[in-house]
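Each chain, written out:
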Amino acid sequence: MKILHIGAADSSGGVLNYIQTLEKHSNSKLFKFHRLVSLQSLKTLERDGFTLHEGDINYKILTLFSCAKDLRALLKKEAFDVVHLHATRAGLVGCLAAQ
């Protein structure tokens, strides 16, 4: 099962710790975890068993639809089984991408 996490990969704290714990204790043969992260974070984040995809989810109204378009292309390309949206902006962009 391919699972994409969006909205928490660039931050530290509760949600990111939860995701890392989930991945650590999951069967790696059954679950493949992916994260959508900014280009800046892509260079610095440890992979921790995740596949990282570059993408920027932000609140700027001018780029909102562009983010959704990019996310839609990634969703079609990768055929994820689950897309987990962890923040308000990720939820909004995810809903637009799913249309």
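In this report, the structure presented in the accompanying data block is examined. (Residues numbered from 1 in each chain as written. Predicted model: local features only at pLDDT ≥ 70, side-chain atom pairs only at ≥ 80, totals over all residues. Heavy atoms only, no water.)

1. Examining helix α4 (residues 88–98)
Item 1. Within the span of α4, buried status applies to A90, G91, V93, G94 and A97.
Item 2. Contacts from the buried residues of α4 go to β1 (2–6), α3 (61–78) and β4 (82–85). (Buried < 20%, exposed > 50% of the residue type's maximum accessible area, 1.4 Å probe, protein only. Helix = DSSP H or I, 4+ residues; strand = E, 2+ residues; numbered from the N terminus. Contact = heavy atoms within 4.5 Å.)

2. Topic: the sheet that holds β1
Item 1. Spatially, the four strands line up as an open sheet ordered β3-β2-β1-β4, and their pairing is parallel. Unpaired on one side and paired on the other, β3 (51–54) and β4 mark the two borders of the sheet. Sheet twist, expressed as the mean angle between neighbouring strand axes with direction ignored, is 25°.
Item 2. In terms of strand pairing, strand β2 (residues 32–37) meets β3 through four bridges, oriented parallel. What sits directly across from L36, in β3, is H53.
Item 3. Across the sheet, α3 is in contact with β1, β2, β3 and β4; its angle to β1 comes to roughly 165°. (Pairing = 2+ DSSP bridges. Axes fitted to C-alpha atoms, helices over the stretch in contact; angles between N-to-C directions.)

3. Observations regarding the packing of aromatic side chains
Item 1. Per the counting criterion, the structure on display carries one aromatic pair.
Item 2. Lying across the ring of F80, K2 places its NZ or CZ 5.1 Å from the centre. (Phe/Tyr/Trp six-rings, centres within 6.5 Å; stacked < 30°, edge-to-face > 60°. Lys NZ or Arg CZ within 6 Å of the ring centre and 35° of its normal.)

4. Details of the layout of surface pockets
Item 1. Quantified by volume, the largest pocket comes out at close to 160 Å³.
Item 2. What lines the largest pocket is L36, E54, G55, D56, I57, T63, S66, C67, D70, L71 and L74.
Item 3. Top element by residues in the lining of the largest pocket is α3. It accounts for six residues.
Item 4. Among the residues forming the lining of the largest pocket, the class breakdown is five nonpolar, three polar and three charged. (1 Å grid on protein atoms, 1.4 Å probe; cavity = no way out; pocket = protein on both sides within 12 Å on 5 of 7 lines; lining within 4 Å. Points joined across faces, edges and corners; volume = space filled by probe spheres on them. Nonpolar A, V, L, I, M, F, W, Y, C, P; charged D, E, K, R; others polar.)

5. Quick word on unusual backbone geometry
Item 1. If you check the backbone angles, A79 has positive phi at about 50° while not being a glycine.
Item 2. Relative to the elements of secondary structure, A79 occurs in the loop between α3 and β4.

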